[in-house]
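Topology and contacts: notes
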Amino acid sequence: MREGWNEAFTNWLLRWLPLFVSVLWLMVSFIPLKSELSANARPMLGLMCVYFWTAYRSDLFSLMSIFILGIISDVLSVAPLGIHLFMYLIMYLSVTKISKYINEKTFEMLWIGVALLLPISMLSGWLLTSIYYADFLPLKSLLFSYLISVALYPIFGGINAFVVNTCLQDEN
């Protein structure tokens, strides 16, 4: 009986591991840094999590995970409630639409994919935030966030790939 409980707990933990890792990355992205650039431009680790986990293990990263990650991101940030959730949904839908082109591809192709899809999600969030505040927000910090995100994706993706390869092996 005890072994069955341990196995059930392990399966539950592995099922929610992509969300736990994403929340951890999200917490890292909101660490306060004493730099004027970091106050305005941060890597979009939440969007990169959504891209990575939807591309690699969409069976474990569902819409429920997107919702939880979006709400946590909205609570941690100063953006209006629902902005990050909207951006994450845009990224999730974009990746699921092109998943047949990026599955089983090299890491470089996935890097190009994130470089192409990040602006769509980021600009949609920028537009929604601009509409909310009834003023166009500056695009400079958005551009810096994009460049930082694309530059850091190989490190970020490598660490997440390590989690996939060590913890989430298919049993087939």
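The structure under discussion appears in the preceding block.
In this text, all values refer to a predicted model and were calculated from it rather than measured experimentally.

On to the overall build of the protein, then. A tally of helices and strands in the protein yields seven helices and zero strands. Listed by position from the N terminus, the elements making up the protein come as α-α-α-α-α-α-α. Relative to its length of 172 residues, the protein is compact, with a C-alpha radius of gyration of 17 Å against a globular reference of 16 Å. For the protein, the spread of C-alpha atoms along the principal axes amounts to about 60 × 35 × 30 Å. Of the contacts made within the protein by residues no fewer than 6 positions apart, 72% connect residues no fewer than 24 positions apart. Carbon and sulfur atoms form 69% of the exposed surface of the protein, whose accessible area is close to 10300 Å². Separation between the mean location of the 9 positive side-chain charges and that of the 10 negative ones in the protein comes to 6 Å.

Next up on the list: the nonpolar core. Soluble globular proteins tend to pack their nonpolar side chains together in the buried interior. Core analysis: the largest hydrophobic core is formed by 41 residues, its most contacted members being Tyr51 and Leu69. Mapped by element, the contributors of at least two residues to this core are α1 (2-29), α3 (45-56), α4 (63-76), α5 (83-102), α6 (107-133) and α7 (140-167). Considering every element that reaches this core, the biggest residue donor is α3, with nine residues. Discounting chain neighbours no more than four positions away, the residues touching Tyr51 are Met91, Val95, Ile102, Met109, Leu110, Gly113, Val114, Leu117 and Tyr153.

The subject of this paragraph is the packing of α3 against α6. Relative to each other, α3 and α6 sit at 130°, their axes nearing to 10 Å. As judged from the angle between their axes, α3 and α6 are oblique. Here the hand of the crossing between α3 and α6 comes out right-handed. Seen from α3, the contacting residues are Leu47, Met48, Tyr51, Ala55 and Tyr56; seen from α6, they are Phe107, Met109, Leu110, Gly113, Val114, Leu117, Leu118, Ser121 and Met122.

What follows covers the packing of α6 against α7. At a minimum axis distance of 10 Å, the contact between α6 and α7 shows a crossing angle of 145°. Relative to α7, α6 is oriented so that their crossing is right-handed. In this structure, α6 contributes Phe107, Leu110, Trp111, Val114, Ala115, Leu118, Pro119, Met122, Leu123 and Trp126 to the contact, and α7 contributes Leu142, Ser145, Tyr146, Ser149, Val150, Tyr153, Pro154, Gly157 and Gly158. Of the residues contributing to the contact of α6 with α7, the split by class is 15 nonpolar, four polar and no charged.

What follows is about unusual backbone geometry. At Ala134, a position not held by glycine, the phi torsion is positive, near 55°. Note on placement: Ala134 falls in the loop between α6 and α7.

Okay, the environment of Leu139 next. By secondary structure assignment, the location of Leu139 is in the loop between α6 and α7. Residues in contact with Leu139, not counting those within four places in the same chain, are Leu123 and Trp126.

What counts as what
- Residues numbered from 1 in each chain as written.
- Predicted model: local features only at pLDDT ≥ 70, side-chain atom pairs only at ≥ 80, totals over all residues.
- Heavy atoms only, no water.
- Helix = DSSP H or I, 4+ residues; strand = E, 2+ residues; numbered from the N terminus.
- Rg over C-alpha atoms; globule rule 2.2 N^0.38 Å.
- Contact = heavy atoms within 4.5 Å.
- Areas by Shrake-Rupley, 256 points an atom, 1.4 Å probe, with all protein chains shown as cover.
- Lys, Arg positive; Asp, Glu negative; His and termini not counted.
- Charge placed at Lys NZ, Arg CZ, Asp CG, Glu CD.
- Core = buried A, V, L, I, M, F, W, Y, C linked by side-chain atoms within 4.5 Å.
- Buried < 20%, exposed > 50% of the residue type's maximum accessible area, 1.4 Å probe, protein only.
- Axes fitted to C-alpha atoms, helices over the stretch in contact; angles between N-to-C directions.
- Parallel < 35°, antiparallel > 145°, perpendicular 65-115°, else oblique.
- Left-handed = near helix turned anticlockwise from the far one by under 90°.
- Nonpolar A, V, L, I, M, F, W, Y, C, P; charged D, E, K, R; others polar.

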